[in-house]
Amino acid sequence: MTTRTQTLFDEAAMRRALTRISHEMLEKNKGMEDVLLVGIRTRGYPLAQRLASNLKRIEGIEVPVGSMDITLYRDDLTQKKEEPEIHHVDLPVSVDGKRVILVDDVLYTGRTVRAAMDALMDIGRPSQIQLAVLIDRGHRELPIRADFVGKNIPTSSSETIQVQLEESDQVDLVSITN
């Protein structure tokens, strides 16, 4: 069987999607007062920083950005580790009473997002948690949905979505491989 890779987003498409998400955040939240962006590492954090930069450019407001390092260790072929491990949380402000927008690159089963929500609730009591993702590929195992989506890409389980960002990969590109 031949492996085929198709580009879904180039740099310009990614920039447009993040700009649209930024505008949607402003509309849904009626501004960005008491909002904290929290990027799920690895690629959610630079996306959160880009969203904050967009919000500053669009509205002239500084939105605090934090990060959560939630590493999901699983080997679906031999064994599953049920709980993602939460390694490090770096938040510039308390989550108490804030509208927290979790940011990640790809939403798939929902297990990483659930772990991030659990971690947030252990830290404090946000007034609301929202989710922004660049790609929603379906296949949810938990009842989790994104509030802000760059693009919905229906996939099969055998396909792989790869997000590359300038900050870590020296290129902005989203591709699908099957």
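Within every chain, residues take consecutive numbers counted from 1 along the sequence as written. Totals for whole chains, interfaces and linings use every residue, but because this is a predicted model, local features are given only for residues with pLDDT of at least 70 and side-chain atom pairs only at 80 or more, for both listing and counting. Side-chain metrics rest on all non-hydrogen atoms present in the structure, leaving aside hydrogens and water.

### A few points about the pairing of strand E7 (residues 99-107)
Each regular strand displays side chains that alternate between the two surfaces of the sheet.
So, point 1. Each residue gets one of three labels from its accessible area relative to the maximum for its type: buried under 20%, exposed over 50%, partly exposed in between, using a 1.4 Å probe on protein chains only. Only DSSP runs of H or I reaching four residues or more are called helices, and only runs of E reaching two or more are called strands; each is numbered from the N terminus. Extensive coverage of E7 is indicated by the burial of 9 of its 9 residues.
So, point 2. Any two strands are treated as partners once DSSP identifies two or more bridges connecting them. For strand E2 (residues 35-41) and E7, the ladder comprises 5 bridges, and the chain directions are parallel. Within the sheet, the bridge partner assigned to Leu 37 lies in E7 and is Ile 101.
So, point 3. In the sheet, E7 pairs with strand E8 (residues 128-136) via 8 bridges, with the strands oriented parallel. Bridge pairing links Leu 102 to Leu 131 in E8.
So, point 4. Handedness of a crossover is defined as follows: with both strands directed away from the viewer, a clockwise route from the first strand across the helix to the second makes it right-handed. Viewed along the sheet, the connection from E7 through helix H3 (residues 111-123) into E8 turns out right-handed.

### Regarding the nonpolar core
So, point 1. Ranked by internal contacts, the top residues of the largest apolar core, which has 31 residues, are Met 25, Leu 37, Ile 101, Leu 134, Ile 161 and Val 174.
So, point 2. The set of elements that each furnish at least two residues to this core consists of strand E1 (5-9), helix H1 (11-29), E2, helix H2 (44-59), E7, E8, strand E10 (160-164) and strand E11 (173-177).
So, point 3. Here this core gets 7 residues from one element, more than from any other, and that element is H1.
So, point 4. Any two residues whose heavy atoms approach within 4.5 Å are treated as being in contact. Filtering out sequence-adjacent residues up to four positions away, Ile 161 remains in contact with Leu 8, Val 106, Ile 135, Arg 137, Ile 153, Thr 155, Val 174, Ser 175 and Ile 176.
So, point 5. The criterion is simple. A nonpolar core is a set of buried Ala, Val, Leu, Ile, Met, Phe, Trp, Tyr and Cys residues joined through side-chain atoms within 4.5 Å. Core analysis: the second largest hydrophobic core is formed by 19 residues, Ile 40, Leu 107, Leu 131 and Val 149 among them.

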